[in-house]
Every structure is written in C-alpha cells, then in structure tokens.
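Spelled out, the chains give:
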Amino acid sequence: VSAGSPAPGPGGWLAGAAFALAVIGLVAAIPAPSYRWREEVQARAEIRAFLGDDERINEGWRRILDTGRREGASFEELAGRIEADVTREYEKSFEQLSALNLAPAAPSAASVEILKKYAHLRGDAFHSLAEGLRTNDRERIREALEKARGAANLARGVEPPPNPAH
C-alpha cells in the first residue's frame, strides 16, 4: 500500500481471511502417506542384499556337494555343512526381512513377503535335507529337494528393485 492509495476496506480483509481459511482447509485435507519413503528405500536395499546373499548361499550349496563328492564326505558331514552354511543363512535372511517395518501399501511390500516365504521355505527344505541325510531317509531327501525347488519357483518373478533416487 502506497501513501497515495486508498486503505484496504473490509472486503480486502475478508478476502484475505477467506484465502487463509481455504489454504488451511486444503492442508488439513491432505491425506497421510500410505507408506514412508525411508522405509521403502531400506526395503529395496534389503531386497538387493538378500538376492546377493541368495546367490552366495546357492554357490555354497553347490560347493558343499562338489566337495562332498570329491572328498567322499559322510552323510553326517554333509548334513552338518548344510545346516551351518545353508540352513542358518536362510534363517538369518528370513529374520532380516521380517525385521523390516514396511507398510503394506509400499511398492516393495509384496516382494518382501515373497522373499520371506522363499527364505523360510528354503531354510526348512535344507534343514529337512540335512535330517534326511543324517537318517539316510531317501524319501525325506527327495521331498526336501522338491520343497527347495518349489521355493525357487515362488521367487522367480522377483527382480532386484532399482536404486531409488534420494
């Protein structure tokens, strides 16, 4: 307002108050976010880490078999290696994925759930395989290997998520 302009009248103040109320109303109507971006970023990092760990665990599994054949390891020795190097790793992965606090609406929520099931099934399968080897139970060994393959089929569609922009 300049020295030569007329003073604002009640209409100007009323328009300003109405504008302020409209802005407050719009801000109050903004819905709460359905998920936190920080949690999504953490979930994506955990998924990438899990997929890398899974490759490492599978390489270890193949190495256990190759070494066992080459060295003529007993079933008990193979079972112990499987429990230590495969089963426990899947259990650890399941616990890490379960520790994520991710809203169901987050983009990675479905992938995390699939990978949790996968890790749980693989851990159970390899534990059962180790027990089958210890007891020389061929049927249990066969079922465990089928269960491990079924878990792999479950996770086939899960791709590593892109690195999110910060």
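What comes next is a walk through the structure.

### Here's the deal with the overall build of the protein chain
Helix and strand content of the protein chain: 5 helices and 0 strands. From first element to last, N terminus to C terminus, the protein chain shows the α and β order α-α-α-α-α. Counting every position in the protein chain, which comprises 166 residues, the buried fraction comes to 34%. Put simply, 75% of the contacts in the protein chain that link residues at least 6 apart link residues at least 24 apart.

### Some remarks on the nonpolar core
Among the nonpolar cores identified, the biggest contains 33 residues, and I82, V86, F126 and L129 are the most heavily contacted of them. Listed by contribution, the elements that provide at least two residues to this core are α2 (37–71), α3 (75–98), α4 (109–135) and α5 (138–155). Here this core gets 10 residues from one element, more than from any other, and that element is α4. Every residue in contact with F126, bar those within four places of it in the chain, is listed here: W61, I82, V86, T87, Y90 and A148.

### Quick word on the packing of aromatic side chains
For the coordinates displayed, the defined rule picks out 4 aromatic pairs. Taken together, a centroid distance of 5.9 Å and an interplanar angle of 85° make the contact between F50 and Y118 edge-to-face. Taken together, the residues F50 in helix α2 and Y118 in helix α4 connect sequence positions 68 residues apart. Each member of the pair, F50 together with Y118, is buried. Relative to F126, the ring of Y90 has its centre 6.2 Å away and its plane inclined at 5°; by these criteria the two rings are stacked. Linking Y90 in helix α3 with F126 in helix α4, this pair joins segments that are 36 residues apart in sequence. Of the two residues, Y90 and F126, neither departs from the other in class, the shared state being buried. Chaining the aromatic ring pairs together yields one cluster made of F50, W61, Y90, Y118 and F126.

### Considering the layout of surface pockets
Taken as a whole, the largest pocket spans an internal volume of roughly 170 Å³. Together, W61, L65, G68, R69, L78, I82, L129, L133, I141 and L145 line the largest pocket. For the lining of the largest pocket, the secondary-structure elements that each account for two or more residues are α2, α3, α4 and α5. Counting residues per element, the lining of the largest pocket draws most heavily on α2, which supplies 4 residues.

### Topic: the pattern of salt bridges
Tallied over the full model, the rule gives 14 salt bridges. Residues R134 and E83 are paired through a salt bridge, measuring 3.9 Å at the closest nitrogen-oxygen approach. Note that R134 is positioned in helix α4 and E83 in helix α3, a separation of 51 residues in sequence. Look at E83 and you get buried, because its relative accessible area is 11%. For the salt bridge of R142 with E146, the shortest nitrogen-to-oxygen distance reads 2.3 Å. One end of the pair is R142 and the other is E146, both in helix α5 and 4 residues apart, which spans about a single turn. A single salt-bridge network, built from bridges that share partners, covers D53, R56, E89 and K92.

### Things to note about α2
With 35 residues, α2 should cover 51 Å at 1.5 Å per step; its first-to-last C-alpha distance of 50 Å lies within 8% of that length. Positioned one or two residues after α2, G72 has a phi angle of 65°, which is positive.

Cut-offs and rules
Residues numbered from 1 in each chain as written. Predicted model: local features only at pLDDT ≥ 70, side-chain atom pairs only at ≥ 80, totals over all residues. Heavy atoms only, no water. Helix = DSSP H or I, 4+ residues; strand = E, 2+ residues; numbered from the N terminus. Buried < 20%, exposed > 50% of the residue type's maximum accessible area, 1.4 Å probe, protein only. Contact = heavy atoms within 4.5 Å. Core = buried A, V, L, I, M, F, W, Y, C linked by side-chain atoms within 4.5 Å. Phe/Tyr/Trp six-rings, centres within 6.5 Å; stacked < 30°, edge-to-face > 60°. 1 Å grid on protein atoms, 1.4 Å probe; cavity = no way out; pocket = protein on both sides within 12 Å on 5 of 7 lines; lining within 4 Å. Points joined across faces, edges and corners; volume = space filled by probe spheres on them. Salt bridge = Lys/Arg side-chain N within 4 Å of Asp/Glu carboxyl O. Expected span 1.5 Å × (residues − 1).

The values are spatial; any link to function lies outside them.
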